[in-house]
Structures are given as structure tokens and as C-alpha cells.
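Reading the structure
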Amino acid sequence: MKKLSDISSVYFLGIGGIGMSALARYFRSRGLRVSGYDKTETVLTKQLVAEGMAVHYDDNLEKIDREAELVIVTPAVPQDHSELNFFKNNGYPVKKRSEVLGMITGETFSICVAGTHGKTTTSSLIAHILRHSGYGCNAFLGGITANYGTNFWSHEKAVSVAEADEYDRSFLQLSPDMVVITSMDPDHLDIYGTAENLQDAFVQFANRLKEGGYLVYKYGLPRTDEFRAGNIVSYSLDNPNAAIYASRIEITGGRYLFDVTLPTHTIQRVELNMGGMHNIENTVAAMAIAGKLGISDDKIKAAVADFNGVKRRFEYIIRRENLVMIDDYAHHPEELRALISGAKELYPGMPCTVVFQPHLFSRTNDLADGFADALGLADELLLLPIYPARELPMPGVTSRMIADRMKGTKIRMVDMNELVEDLRLHRPSLLIMAGAGDIDTLVQPVADALNN
């Protein structure tokens, strides 16, 4: 295969995925011809078309780019897909997204953020600080930043910030100069089988750090004694046993003020306009990277104060005195725990209603007890049917598995087509909508119903 710098056309199978679209935008920003297939048209694919990329939505050999010099495929594309098999059978270079991102990170100074949760916000905040401060970077993000309305931006500087995805062991393709590891909670057990196997992969990823690199990990993670990198520091929300942590945390007007202690000094009165203590922790990790890069305290503080977050990460949809609506991608018990507790902390006088759409039959089956425990923090819970994504149904695995394990929380089982009317009738005061499936399609209809 040619070097990435020598190719002129790229074809994507699954171009509308959040990680795939960032790569598509990368190649388009460099003047290449970019086209691709996706299963369904979305807001994101419409944006790609508006940016000059040809996208179609049927498995159709008449619509492919036969002159493509690189074909990039997502694991979600089935193996019997006729376009995929045409490219494979006719000698085209077919690469996974992770392999191509690995090539890019290998050719640049790369900052890679991994973790079963927290990686999208942390990587987005690092990239934002580098952009806002004038340091500069290419950003490959797993979410749409609220400040810029995109998951990718380019810069002439050979610096990359990338989300390192543990799914399908993708992050083992990357070659980072700086690493953040936010969490290693059990997830993707359909891929890994056991929590120990998942931890093995994180250890392998940490040890892919280039010589002389810098590794920042959350204090208290298991098996950090197996990290071989020489320059390692820990961070925490507020535990002073970590090398980097926050202190003097105050809540004022729906925002946070806090100090951050770095290995060399303390940055005082940092302002964060995102909800949730977990986002203070993510900010601490991002500031650790920015400080190591030599960005000044004033520029770091200004960038953090200006950060408006990531779409579907503690995103305020409605924010009034008597009505608050938050949308979040949370789909793991620990993410839900942080989300709900963060919202209740910011709005202690308001009963908390959570709408949750479980994502994957396997995850629901593996983590049902954890989901029940985390969702029990809500005062009222509306459970939607499981979103299957890439999976076929599993016998006996439904949203009811979670409800049956819960006590003391008012629960309603609701179908997607019933949700808007249910919330219109019950009128919650603090509403959280959470999940990684297609629950996001109901966010605006629910907001319209509550506003009216």
C-alpha cells in the first residue's frame, strides 16, 4: 500500500460513524477525494455530503469508488456485505479505522486518551485547550464538541489528539507520545470475555507509549504496577495521594470553581461550566497534559472556562429555574452513577427523573446488577427497550432484568413511541435522558413537549 501522504482517494464503509467521520474529515481536509457507504442517513452524514463527500445508503457496487487507493472499514459492517467483499476480492488495501489512525499517530506527536468512560470529554477538552491556547493540534474525537460543532479539526502542526477506543482492541494499533487512562471498568465483555482480559489490553496499550513518553492515569486503577513507561503520574478528583488533583471545590450558579495541584505547582480558581464531579476529574487529567506541554496557567484557565462540553455528555437541553433537562450518552453503570449523582448535586431541591435506554443485550445481561444499583439513585425511572445495535436478541434478556433488581425507585416501562406523551403528562422538573442507542432522536421532541 502507498504511504498515506501519496494517496488521492479514500473510500469508507461505515462513513457515518463518529470515529469514521473524523477520519473522513481528516482526509478531506488534505484535499483527497472521499466517499463512502453507510446504512442510514443521519445529521452527520448530511454534514459530510455538504463538506464535499459522496455518501450512499444502499449496498450497491454501482456506487462505489473503484479508483479508491485506500478502503477503510468499521467492525460494524457485516462480513457478507457485497461492497466489502468486492474490495477484498479485488486486491484493494482494506484497513480498519484503528489501523489508519495508528498510521497517523505513528507519524505525529500523538496524545491518546483511553478508558471505558471519560475518554471523549477528556480528549475533547485536551484538544480544545491546545486549540484555544494557540498550541495547535489535529483532533480525532468520539463526540461532537459544543464549541466547534465537529469531531475533527486540522492544524499544520504535526500534533494529534485522539480518542483511543478499547472496543475490538482498536487502541492497540496506536503509537502514543502521551497517554491518559481514565478508567478500566468491565465493559465490552462480548469481546474480552472477562474483566481481567480487558485489563490486559489496557496494560498493553499503556506499554505502547513511545520511549520518553508521558502517562497520566487515574489514581486507584488496577495493575498500574505493570505500566513500563518511565514518566508516569496519577490524577484524582480530590485525593491528595495522587500527583495531580483538585481541591477547594465550590458550586456556584451551576458551575464549578476549584484549584488544581500539578506536580510542580497549583493553578487556583479554575472555572468549569460543565455539570458533574466526574467532569472536574476529566478536567484535572486534561490540565495535566496541557501543563506538561508547557502551556501557561492563564491560557489553560481561559480555555477550560470557555469549554462548553461535548454533545450528549451532560449536555443541557433546557436550563430554567423550574425545569432542567440533560442529555447524556451514558450507557455503563459507572457513567450513569456519575451522571445522576452530578445532576442531583447541582440541583439538590429537584426530584430527578431518568429515562434510560439500555445499549446491547450482552451489556445488559453482564451488568444488570450494576445498572440497577446506579439507576436506583433516581427518584423516578423510565426504562425503554434495549437498543440491539450490532447484536441479535438474547433469550430472557430485556430491560425488565434491570427493573426486577431495583427497590425503592418508581419505575415505568415505556416504549419509544410512548415516551413524549408520558413526559408531557408527568412533567418532570429535573430530567435526564441517557443511552447510546437511538434515544437521541427523542431529545428534541421531548424538549418541545416540555417547553409547550
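In what follows, the accompanying structure is described. On a predicted model such as this, the values are computed, not experimentally measured, just so you know.

Quick notes on the rules
- Residues numbered from 1 in each chain as written.
- Predicted model: local features only at pLDDT ≥ 70, side-chain atom pairs only at ≥ 80, totals over all residues.
- Heavy atoms only, no water.
- Helix = DSSP H or I, 4+ residues; strand = E, 2+ residues; numbered from the N terminus.
- Rg over C-alpha atoms; globule rule 2.2 N^0.38 Å.
- Buried < 20%, exposed > 50% of the residue type's maximum accessible area, 1.4 Å probe, protein only.
- Contact = heavy atoms within 4.5 Å.
- Areas by Shrake-Rupley, 256 points an atom, 1.4 Å probe, with all protein chains shown as cover.
- Salt bridge = Lys/Arg side-chain N within 4 Å of Asp/Glu carboxyl O.
- Axes fitted to C-alpha atoms, helices over the stretch in contact; angles between N-to-C directions.
- Parallel < 35°, antiparallel > 145°, perpendicular 65-115°, else oblique.
- Left-handed = near helix turned anticlockwise from the far one by under 90°.
- Nonpolar A, V, L, I, M, F, W, Y, C, P; charged D, E, K, R; others polar.
- 1 Å grid on protein atoms, 1.4 Å probe; cavity = no way out; pocket = protein on both sides within 12 Å on 5 of 7 lines; lining within 4 Å.
- Points joined across faces, edges and corners; volume = space filled by probe spheres on them.
- Pairing = 2+ DSSP bridges.
- Phe/Tyr/Trp six-rings, centres within 6.5 Å; stacked < 30°, edge-to-face > 60°.
- Lys NZ or Arg CZ within 6 Å of the ring centre and 35° of its normal.

A few words now on the overall build of the protein. The secondary structure content of the protein amounts to 14 helices and 21 strands. The C-alpha atoms of the protein give a radius of gyration of 22 Å, which matches the 22 Å a tight globule of 452 residues would have. Seen through its C-alpha atoms, the protein measures out along the principal axes to roughly 60 × 55 × 40 Å. Counting only residues that meet the buried cut, the protein has 57% of its 452 residues in that class. Considering only residue pairs separated by 6 or more positions, the protein has 65% of its internal contacts joining residues 24 or more positions apart. As displayed, the protein offers around 18,200 Å² of accessible surface, 46% of which is attributable to carbon and sulfur atoms.

Throughout the structure, instances matching the rule amount to 24 salt bridges. Two residues, glutamate 380 and lysine 410, come together in a salt bridge whose shortest N-O distance is 3.7 Å. With glutamate 380 in strand 19 (residues 380-383) and lysine 410 in strand 20 (residues 410-413), the pair connects residues that are 30 residues apart, well separated along the chain. For the salt bridge of arginine 412 with aspartate 422, the shortest nitrogen-to-oxygen distance reads 2.6 Å. Pair noted here: arginine 412 is in strand 20 and aspartate 422 is in helix 13 (residues 419-426), with a separation of 10 residues, a long-range link. What makes arginine 412 buried here is its relative accessible area of 15%.

Remark: helix 5 (residues 119-132) packs on helix 8 (residues 277-292), axes separated minimally by 9 Å, with the N-to-C direction vectors making an angle of 45 degrees. Regarding the angle of helix 5 to helix 8, the classification is oblique. The interaxial crossing formed by helix 5 with helix 8 has right-handed handedness. Here Thr121, Thr122, Leu125, Ile126 and Ile129 of helix 5 lie close against helix 8, whose contacting residues are Asn279, Asn282, Thr283, Ala285, Ala286, Ile289 and Ala290. Residues of the contact of helix 5 with helix 8, tallied by class, amount to 7 nonpolar, 5 polar and no charged.

Moving on: empty space enclosed by the protein. Gaps left between atoms are located by rolling a probe of water-molecule size over the structure's atoms. Applying the stated criterion across every chain, the model contains 1 cavity of 30 Å³ or more. By volume, the largest cavity amounts to about 40 Å³. Taken together, Arg97, Ser98, Leu101, Glu163, Ala164, Asp165, Ser170, Phe171 and Leu174 make up the lining of the largest cavity. Those elements that provide at least two residues to the lining of the largest cavity are helix 4 (97-107) and strand 9 (159-164). Take the lining of the largest cavity: its biggest share by element is 3 residues, from helix 4.

It is a general feature of regular strands that their side chains alternate between the two faces of the sheet. Buried residues dominate strand 17 (residues 324-328), accounting for 5 of its 5 residues. Burial of the side chains of strand 17 extends over both faces: Val324, Ile326 and Asp328 are buried on one face and Met325 and Asp327 on the other. Here strand 16 (residues 315-319) runs beside strand 17; their pairing, made up of 4 bridges, is antiparallel. Counted as the bridge partner of glutamate 315 is aspartate 327 from strand 17. Between the end of strand 16 and the start of strand 17, which pair antiparallel, lie 4 residues. Note that strand 17 and strand 21 (residues 430-434) share 5 bridges and pair parallel. Counterpart to aspartate 328 in the pairing with strand 21 is alanine 434.

Attention now moves to the packing of aromatic side chains. Throughout the structure, instances matching the rule amount to 16 aromatic pairs. Judged by centre distance (4.9 Å) and plane angle (80 degrees), the ring pair of phenylalanine 87 and tyrosine 92 falls under edge-to-face. When sorted by exposure, phenylalanine 87 lands in the same class as tyrosine 92, which is buried. Ring centres of phenylalanine 171 and phenylalanine 205 lie 4.8 Å apart, and the angle between their planes is 5 degrees; on these two criteria the pair is classed as stacked. Of this pair, phenylalanine 171 sits in the loop between strand 9 and strand 10 (178-181) while phenylalanine 205 sits in helix 7 (residues 195-206); the two residues are 34 residues apart in sequence, bridging distant segments of the chain. Note on accessibility: phenylalanine 171 and phenylalanine 205 belong to one class, buried. Connected via pairs of aromatic rings, a cluster forms that spans Phe12, Tyr26, Phe27, Phe140 and Phe152. Above the face of the tryptophan 153 ring, arginine 131 is positioned so that its terminal group lies 4.8 Å from the ring centre. We note lysine 157 situated over the ring of tyrosine 135; from NZ or CZ to the ring centre the distance is 3.7 Å.

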